[in-house]
Every structure is written in structure tokens, then in C-alpha cells.
Amino acid sequence: MLSHLPKFVPTRDGPERSAAEQRISSLSLLLLLPLLLSLAPAFCAAQQTPLDLDGNAVNPLTSNAGQSVVLVFVDGFCPISGRYAPEIQRISREHQKDTRFYLVFPDKSETPLNIRKYLHDYGYSIAAVRDPDHVLVKQSHAQITPEAAVFDAKGALVYHGRIDNLYASFGHTRSAPTSHELEDAALAGRPPSKVEVAGVGCYISDLR
């Protein structure tokens, strides 16, 4: 009375697979493994490399041999970043002969369109870089915006922290800054008095 039910037919996916088939599958995997391993680093690097506003991979720390590099981390939504725009531009103009300046946008949601508008609104002529995977953030030990990181001509981090001490605390400013950490660190041949000085600003999101 059960003759009308379909009969179970063993598949070749389990123990029923022949030894020859198993050897072929193992050989195929071994042949593909080196290819997959060779592609993995390139894929990861492509995902993690900082980008210019056209979506091209760029690394400010390796493209300026013989010059010191200053990365200034900013955020279009941080009012303190906007407040520092004139000072950042002044310092970059006065030290452009021997130092390359970059604005770094670490917010993953920041679009090239918004960044271009930000640059236009504040009259920036400094190159802008997107750092959605926080590659430059980690190399610079950045925590907030605005914050600066200075790398010497050999690529060593010599200073990171506040631009100056205009802000005594969040929402409270001095009439004028009495120390100028970034400018001191950016001056050729003049080592900064401190290699790290905490600043006041907006915390960079998604830090790990």
C-alpha cells in the first residue's frame, strides 16, 4: 500500500560520493585557494584607503616625500571646526612652502557633495580627503574635530592634538589663544614642546 510513495534515492553529496570525486573537489579548492588569498589584501586595501572627492584612492602620508604633512580633521556638522577655518587657512598659507596641508573628513556619512559645499562656504583651497574607514584617524591618534596631526618628512608622527587653546572648554573661549600648538609643530626645524595636547571639539563617531 506504500508503493505509490516516491522511493528515496541517495545523493552523491554525502558518504555516497566516490573517492575520485572527493579528490577532485579537494584539488579544485587547493588550486583556488592561492588566488583567493592573493585577492584578499587588495580588496581590503581598496576598502580602507582614504579617498579624494572624486573617489580615487589617495594617501597623503606617502605622496609627499621630502615634505612634512599636516592633517586637520574636521566635520561639516561641528561648529568648532567651522570656527577654526580662518586660522587653519592662515597657518597653511604661511607654511605651504615646506608643509602640505590636508583637510580630513572622518565622518562616514559625509558625501563629496557636502564636502565641496563646505570647502566653498569657508573659502578653503586646501586639499580634502575622505577617511570613512578611519585609516588616517588611527595613524594620527585623532579623537575629535577639529584636531591636527603633524608628520615629519620621514612620515613620523611628531604632534597630534589641538590647534591652539582658544577653547578653554566646550562653549567657553578665550578672547585670544595664548598657545599655538599646531603652528609651533608646523614650523620647520622647531620641534613642538609637547607631542600630544588634548583639544576641545566634537568626538569622531564610530571610533574603535
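Residues numbered from 1 in each chain as written. Predicted model: local features only at pLDDT ≥ 70, side-chain atom pairs only at ≥ 80, totals over all residues. Heavy atoms only, no water.

(A) Focus on the overall build of the protein chain. Each helix and strand in the protein chain was counted, giving six helices and ten strands. In the protein chain, once contacts between residues fewer than 6 apart in sequence are set aside, the share between residues at least 24 apart is 70%. Summing over all exposed atoms, the protein chain offers an accessible surface of approximately 12700 Å²; the carbon and sulfur share of this is 58%. (Helix = DSSP H or I, 4+ residues; strand = E, 2+ residues; numbered from the N terminus. Contact = heavy atoms within 4.5 Å. Areas by Shrake-Rupley, 256 points an atom, 1.4 Å probe, with all protein chains shown as cover.)

(B) Representation of the sheet that holds strand β5 (residues 147–151) in the model. Here six strands make up an open sheet; going across it, the order is β3-β2-β1-β5-β6-β9 and the pairing mixed. With one partner strand each, in any of the chains shown, β3 (127–130) and β9 (196–197) form the two edges of the open sheet. In the sheet, strand β1 (residues 68–73) pairs with strand β2 (residues 99–105) via six bridges, with the strands oriented parallel. Its bridge partner lying in β2, valine 72 is registered against leucine 103. (Pairing = 2+ DSSP bridges.)

(C) Highlighting the environment of glycine 155. With respect to the element layout, glycine 155 can be found in the loop between β5 and β6 (157–161). Measuring from C-alpha to C-alpha, the distance between glycine 155 and leucine 61 comes to 6.4 Å, with 94 residues separating the pair along the chain.

(D) Representation of the state of the cysteines within the structure. Evaluation of the coordinates by the stated rule reveals one disulfide. The disulfide bridge from cysteine 78 ends at cysteine 202, spanning 2.2 Å between sulfur atoms. Around the S-S axis, the bridge from cysteine 78 to cysteine 202 shows a dihedral of about 80° and counts as right-handed. Placement of the pair is cysteine 78 in the loop between β1 and α2 (79–83) and cysteine 202 in strand β10 (residues 202–203), with a sequence separation of 124 residues. (Disulfide = S-S within 2.5 Å.)

(E) Summary view of the nonpolar core. In terms of nonpolar packing, the biggest core is built from 30 residues, with Ile88, Leu103, Phe105, Leu119 and Tyr124 touching the most fellow members. Of all the secondary-structure elements, those providing two or more residues to this core are β1, α3 (85–94), β2, α4 (112–122), β5 and α6 (181–186). Here isoleucine 88 is in contact with Val72, Val74, Leu103, Tyr124, Ile126 and Ile163, once residues within four sequence places are set aside. Counting twelve residues, the second-largest nonpolar core is a separate cluster that includes Tyr102, Val104, Leu136 and Val137. (Core = buried A, V, L, I, M, F, W, Y, C linked by side-chain atoms within 4.5 Å. Buried < 20%, exposed > 50% of the residue type's maximum accessible area, 1.4 Å probe, protein only.)

(F) Highlighting the pairing of β3. Inspection of the sheet shows β2 paired to β3 by four bridges, in the parallel sense. Bridge pairing links phenylalanine 105 to arginine 130 in β3. Considered for its hand, the β-α-β crossover made up of β2, α4 and β3 is right-handed. (Right-handed = clockwise from strand over helix to strand, strands pointing away.)

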